[in-house]
Amino acid sequence: MRSRFHGFRVWLLVAFAWPLLLKLPIAILLLQGRGLLAALLGIGLLALAGIRMQRGRAGDARRGAVLFGVAAGLVAGLGAQLWPPVAVAMGIGAWAGARLLTDDLPETAPPPEPVAPVAIPAPLQEVENRLEGVRARLGTGSPPLPLKAEIRDTTEALENLLREIATRPDRIPEARRFLAMQLDGLDRIVQRLQNGAEPPASLAPLLDGIADAADDWRARLKASETEALDIQVKVMADRLRQEGR
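A short tour of the structure in this document, coming up.

Quick notes on the rules
Here the residue numbers are simple positions, counted from 1 along each chain's written sequence. At least 70 in pLDDT is required for a residue's local features to be given in this predicted model, at least 80 for side-chain atom pairs to be given and counted, and no such filter applies to totals for whole chains, interfaces and linings, which use all residues. Side-chain metrics in this entry use all non-hydrogen atoms of the structure; hydrogen atoms and water are not considered. Helix and strand definitions follow DSSP, with helices as H or I runs of at least four residues and strands as E runs of at least two, each counted in order from the N terminus. Only protein chains enter the accessibility calculation, which uses a 1.4 Å probe; a residue whose area is less than 20% of its type maximum is buried, one above 50% is exposed, and one in between is partly exposed. Multiplying 1.5 Å by the helix residue count minus one yields the expected span of that helix. Whether two residues are in contact is decided by their heavy atoms: any pair within 4.5 Å suffices. In this scheme, patches are assembled from residues that exceed 30% relative accessible area and form no salt bridge. Like charges are connected within 9 Å, while nonpolar side chains (Val, Leu, Ile, Met, Phe, Trp, Tyr) are connected within 5 Å. Throughout, the Shrake-Rupley method with a 1.4 Å probe supplies accessible areas, and for residues the shown protein chains are the sole cover considered. The term salt bridge refers to a side-chain nitrogen of Lys or Arg lying within 4 Å of a carboxyl oxygen of Asp or Glu. As used throughout, the charge tally considers Lys and Arg to be positive and Asp and Glu to be negative, leaving His and the chain termini uncounted. Where a charge lies is defined by one atom per residue type, namely NZ (Lys), CZ (Arg), CG (Asp) and CD (Glu). Between N-to-C directions, angles span 0 to 180 degrees; the directions come from axes that are lines fitted to C-alpha atoms, helices contributing only their stretch in contact. Throughout, the term roughly parallel applies to angles under 35 degrees, roughly antiparallel to angles over 145, roughly perpendicular to angles from 65 to 115, and oblique to all others. Handedness of a crossing is defined here by the sense of rotation of the near helix relative to the far one, left-handed for an anticlockwise turn of less than a right angle and right-handed for a clockwise turn. Residue polarity follows a fixed list, in which Ala, Val, Leu, Ile, Met, Phe, Trp, Tyr, Cys and Pro are nonpolar, Asp, Glu, Lys and Arg are charged, and the others, Gly among them, are polar.

### Some remarks on the environment of V66
Move 1: Considering the arrangement of structural elements, one finds V66 in helix 4 (residues 60-79).
Move 2: Given the relative accessible area of 41%, V66 is considered partly exposed.
Move 3: Once the C-alpha coordinates of V66 and A49 are considered, the two residues, 17 residues apart in sequence, prove to be 8.2 Å apart.

### Describing helix 9 (residues 203-243)
Move 1: With 41 residues, helix 9 extends 60 Å between its outermost C-alpha atoms, agreeing within 8% with the 60 Å of an ideal straight helix rising 1.5 Å per residue.
Move 2: Of all the positions in helix 9, only L203, L207, I210, A211, A214, W217 and L221 are classed as buried.
Move 3: Along its buried surface, helix 9 packs onto helix 7 (148-166) and helix 8 (172-194).

### Let's talk about a negative patch on the surface
Move 1: A grouping of D153, E156, D208, D212, D215 and D216 is seen on the molecular surface, where their side chains present a negatively charged patch.
Move 2: At the level of secondary structure, the elements contributing two or more residues to the negative patch comprise helix 7 and helix 9.
Move 3: Counting residues per element, the negative patch draws most heavily on helix 9, at four residues.
Move 4: Within the secondary structure, D216 is located in helix 9.

### So, the packing of helix 6 (residues 125-138) against helix 8
Move 1: For the pair helix 6 and helix 8, interaxial distance at closest approach is 10 Å and the crossing angle is 20°. Classified by the interaxial angle, the pair formed by helix 6 and helix 8 is roughly parallel. Crossing geometry of helix 6 relative to helix 8 is assigned as left-handed. Facing V127, R130, L131, V134 and R137 of helix 6, the residues of helix 8 in contact are R176, L179, A180, L183, D184, L186, D187, V190, Q191 and Q194.
Move 2: Residue composition of the contact of helix 6 with helix 8, by class: eight nonpolar, two polar and five charged.

These figures capture arrangement, not role.
Structure, rendered in structure tokens:
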């Protein structure tokens, strides 16, 4: 009901430009080219503004208000042939009014852009296969696996590290040992839980520790890249100063 009301309010605001619909036949009959063009542009821009505002994504209300202002300015300057500063002032007024009347429209965040898949190099393929195996085990079994959410979070942390390492061939050997060791233990934990084992109190902190260790790995990788970039910038700056002497 709320969204319907807001959609109705948007098109009610657009409907205030109804005189433009009357201007169309008049301009055609009287052969008023400027008036016809102004009416067509005004109607088109206002319809586009209404569609954009009703869509309700982040920034649509702001962009729709800009279209309202542009439409009003064009109609005033091109159709009514007002003095350009006056037409601009009317456009600004229309923009401000539309912005004020639609400022509380609900907006949703745009959908996230799809993440390009990362090619897993051959040395890490075994790690990828183990991750797939753990994910497959989490999706099977009844009753639900104990600590399933914690195990999934740990698996996601290890997977994020795998994707990060896949783009840094020089760090693969060291990271592969870490990932293989953690996934070997995680796989055994999941197997025993599926076999009916009761999780000890220390298991949840252990899973958090594995996830934190994977996150620390990623943080160190980013820190090392930042440090390398800083050194490179300093070296280039020194060379630039030397060549400028």
